[in-house]
Amino acid sequence: MLPLSAQCWKQVAAGSAHSLAIKTDGTLWGWGINQSGQAGVGENIIYAPAQIDFDQDWQQVAAGDAHTVAIKTNGTLWIWGSNNYGQLGDGLITPPRPLAQIGSDTTWQQVTTGYFHTVALKSDGTLWAWGANGSGQIGAGTNTLTSPLTQIGVATDWKRVAAGIYMTIALKTDGTLWAWGNNENGQLGNGTNISQNAPIQIGTDTDWAQVDAGFSHVAAIKNDGSLWAWGNNTDGQLGNATNIAETVPVRIGTDNNWRQVATGYQYTVAIKTNGTLWSWGLNYSGQLGNGTIAAQNFPLQVGTLTTWNQISVGIEHSVAIRNTDRLRTWGYNSFGQLGNGSNAGSNFPIAIDCPVSSTDPIAFPNSSLQIMPNPAQNQITVQATALEAADMTFEIRNMLGKIMYARTSISNLQTIDIEQFAPGIYLLIARNEIGQVAKQFVKM
C-alpha cells in the first residue's frame, strides 16, 4: 500500500517556473518562483507545496509565466500574480495582485494561460480572452492589448482551448480545430508562416479530440488515438524523428493509443491509454524525465510505470499525477518549481508527498508569520507579528498531520529546536483566541 501522505492530488498546472495543484479535498496549493505572487503565497520562492487559502471548492487551475487563473466549483473565476499586460482581466494594467475574483459570472468552465495572456471558456460555449496581444493571440481581430474580458467572435460551439506562448488554439464541438496568434514557426498549422489575429480553421478534419500549445509548436490527438504535431522542430519536439519544422499537422508514428499530450519549451510529454508516459525534444534540464539530458526527436518511454493519469509542462519542468493520486515532478528546479523542498533538479520523476490541508478560518495574513531560515537544519526562529495576545500556541505538524511540537507562550518570537526532526516538509501553526496563521518550512 502507498503511504497515505502520497495520495491526494487531483489536478496540476505548470507555469514558467511555478506550479499549482488541487488536492482531492478541493484545496489549492502553489510552489516555485513567487516574485509576482503567482504561486499564491508569501515568500519570493516556495520550495514545497504551500496551501494558498482555506477554501475547499477549487475545480481547475492554469499557470502562465507570472500569473495564475483558477475556477471554483461554483463556476466563478479567480486570478492572482503579474498584471503588467492586463492578463488578470480586471480591466487595468497594475502591479502584481493577490487572489481576487473577476466579475460575478458563475458559468466559467475552463481556463488556460499563455505567457502574458489568458483565455477562458464559458458553459454556454462562448470563448473569452484578455492580456497581451502583440501577435493577435487574443483573437479579437486586432493586435491591441486587451485588459477587460473580450469575447472572441460570436460562436457558441467552442469546446476546449489551449494557450501557447504567443498564440491560442481551440477545439469546437464539431471536432474542428482553430488557431490564431504568432505563426513564425508554422504553429498555426495552416501551411504558412503568417500570423493571424482572428481564429482560422486548421485543415478540414472534424475528428480532433485534444490539443496543447507550447512555445512555438503544437501537438494534438484525434478521436482515433493518433498523435499529430506541427511548428518549430529545432530540438525534435515534434517527435517525427527529424528536426525539420512543419507548417501543417504531421502524424507522429503509427500508434493509435495516445490519450493526453502536453507541450513546453521545445519539448513534448504524452500519456497513452495504457498509462505509459512518453517524452521527446529538448532535454538539457532533464525535463524529459528519462534519466538523461540528451535531446530526443521521437517518443521515448519514461520508465515502465503504467499508472500515469495527467501531465502538465512548463518551460523546463514537468508535473504529473498517477492514477494513485501521486504527484511526481522532474526537470529544472532553480526556483523550487519541482516542490521537493530544495532547488535541486532531477532528470527523472520524483515523488512529492501530500501535505496536510488546513481548513480552519484564518484571522491573520500569511505574511504575519515569519520562519527563519527556511529551509533550516538545526533550529528555526519564528515570529508572528500580528499575534499580540497572550496564550499564543506554536504547533508543528508533519505531513501526516502528527503533532511534532507544541508550546504556549506570551512571546511572539520563538526559537525552536528541530535538530531531531527527520528531513522533510512541516507545517507550523501559530494561533491565539482570535485566530491562526500557518506556514510550511523545510527541514534539511
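Now for a description of the structure that goes with this document. Quantities reported herein were computed from a predicted structural model and do not represent experimental measurements. Numbers given to residues run from 1 along each chain, matching the order in which its sequence is written. With the structure being a predicted model, the display of local features is reserved for residues of pLDDT at least 70 and the display and counting of side-chain atom pairs for 80 or more, all residues being used for whole-chain, interface and lining totals. Excluding hydrogens and water, the side-chain figures rest on all heavy atoms present in the structure.

## Digging into the sheet that holds strand β22 (residues 267–272)
Part 1: By definition, two strands form a pair when at least two bridges between them are found by DSSP. In DSSP terms, a helix is any run of H or I states spanning at least four residues, a strand is any run of E spanning at least two, and both are numbered starting from the N terminus. A sheet is described by the order of its strands in space; here four strands give the open sequence β21-β22-β23-β24, paired in antiparallel fashion. Looking at the sheet topology across the chains shown, the edges are occupied by β21 (258–263) and β24 (296–301). Neighbouring strand axes in the sheet, compared pairwise and without regard to direction, differ in orientation by 15° on average.
Part 2: Here five bridges tie β22 to strand β23 (residues 277–281), and the two strands are oriented antiparallel to one another. Within β23, the residue paired with T268 across the bridge is W280. Axis geometry follows a simple rule: fit a line to the C-alpha atoms, using only the stretch in contact for helices, then measure angles between N-to-C directions, giving values from 0 to 180 degrees.

## So, the sheet that holds strand β15 (residues 177–181)
Part 1: Across the sheet, which stays open at both edges, the four strands sit in the order β13-β14-β15-β16 with antiparallel pairing between neighbours. Either end of the sheet is taken by a strand with one partner, and the two such strands are β13 (158–163) and β16 (196–201). For this sheet the average axis-to-axis angle between neighbouring strands, irrespective of direction, equals 20°.

## As for a nonpolar patch on the surface
Part 1: On the surface, a nonpolar cluster with roughly 260 Å² of combined accessible area is contributed by Y85, I93 and L145.
Part 2: The topology assignment puts Y85 in the loop between β7 (77–83) and β8 (94–102).
Part 3: For every residue, the accessible area (1.4 Å probe, protein chains only) is compared with the maximum for its type, and the residue is labelled buried under 20%, exposed over 50%, or partly exposed between those bounds. Classification of Y85 by relative accessible area gives partly exposed; the value is 33%. Nonpolar side chains (Val, Leu, Ile, Met, Phe, Trp, Tyr) are joined into patches within 5 Å and like charges within 9 Å, using only residues with over 30% relative accessible area and no salt bridge. For the area figures, the Shrake-Rupley method with a 1.4 Å probe applies, and any residue is considered shielded solely by the protein chains shown. In what follows, salt bridge is the name for a side-chain nitrogen of Lys or Arg lying within 4 Å of a carboxyl oxygen of Asp or Glu.

## Quick word on the state of the cysteines
Part 1: Two cysteine sulfur atoms form a disulfide, by the criterion used here, when they sit within 2.5 Å. What the rule picks out here adds up to one disulfide.
Part 2: In this model, C8 is linked to C354 through a disulfide, with the two sulfur atoms separated by 2.0 Å. As the torsion about the S-S bond is roughly 115°, the C8-C354 disulfide counts as right-handed. You can see C8 sitting in the segment before β1 (9–14) and its partner C354 sitting in the loop between β28 (346–352) and β29 (369–372), a full 346 residues away along the chain.
Part 3: Given the relative accessible area of 3%, C8 is considered buried.

## Some details on the pairing of strand β17 (residues 208–213)
Part 1: Summarising burial for β17: five of the six residues are buried, a large majority.
Part 2: Two strands pair when backbone bridges link them, and β17 and strand β18 (residues 217–222) are joined in this way by five bridges, in the antiparallel orientation. Looking at the pairing, W208 lines up with K222 of β18.
Part 3: Counting the residues between successive antiparallel strands, the hairpin from β17 to β18 contains three residues.

## Some remarks on the packing of aromatic side chains
Part 1: Only Phe, Tyr and Trp rings take part, Trp by its six-membered ring, and two of them pair if their centres are within 6.5 Å. Stacked means planes under 30 degrees apart, edge-to-face means over 60, and tilted covers everything else. Counted under the stated rule, the structure contains 18 aromatic pairs.
Part 2: Look at W58 and W80: their rings are 6.2 Å apart centre to centre, the planes differ by 70°, and that puts the pair in the edge-to-face class. Placement of W58 in strand β5 (residues 58–63) and of W80 in strand β7 is noted, with a sequence separation of 22 residues between them. A single burial state applies to W58 and to W80, both of which are buried.
Part 3: The interplanar angle of 70° and the centroid separation of 6.0 Å between the aromatic rings of W308 and W330 together place this pair among those described as edge-to-face. Here W308 is found in strand β25 (residues 308–313), whereas its partner W330 is found in strand β27 (residues 327–331), with 22 residues between them in sequence.
Part 4: Accessibility expressed as a relative area gives 0% for W330, which makes it buried.
Part 5: Sitting over the face of the ring of W58, K72 holds its NZ or CZ atom 4.8 Å from the ring centroid.
Part 6: Remark: a charge is flagged as sitting over a ring if the NZ atom of Lys or the CZ atom of Arg is within 6 Å of the ring centre and within 35 degrees of the ring normal. A cation sits over an aromatic face here: K222 above W228, 4.3 Å from the ring centre.

## Concerning the layout of surface pockets
Part 1: In this structure, the largest pocket encloses a volume near 810 Å³.
Part 2: Looking at the largest pocket, it is lined by 45 residues, and the ones nearest its centre are T112, A162, D212, I311 and S312.
Part 3: Amino acid classes used here: Ala, Val, Leu, Ile, Met, Phe, Trp, Tyr, Cys and Pro are nonpolar; Asp, Glu, Lys and Arg are charged; the rest, including Gly, are polar. By residue class, the composition of the lining of the largest pocket is 23 nonpolar, 18 polar and four charged. Put simply, the grid is 1 Å and covers the protein atoms alone, a cavity is a trapped set of points that fit a 1.4 Å probe, a pocket is an open set with protein on both sides within 12 Å along at least five of seven lines, and lining residues have an atom within 4 Å of a point. Grid points are joined across faces, edges and corners, and a volume is the space filled by probe spheres set on the points.

## Let's talk about the pattern of salt bridges
Oppositely charged side chains may form a pair once their charged atoms are brought near each other.
Part 1: The final tally for this structure, using the stated rule, is ten salt bridges.
Part 2: Residue D205 is joined to K222 by a salt bridge in which the shortest nitrogen-to-oxygen separation is 2.5 Å. Within this pair, whereas D205 is found in the loop between β16 and β17, its partner K222 is found in strand β18, the two being separated by 17 residues in sequence.
Part 3: Among the residues examined, K222 registers a relative accessible area of 8% and is labelled buried.
Part 4: The partner of K272 in a salt bridge is D255, and the shortest N-O contact between them spans 2.5 Å.

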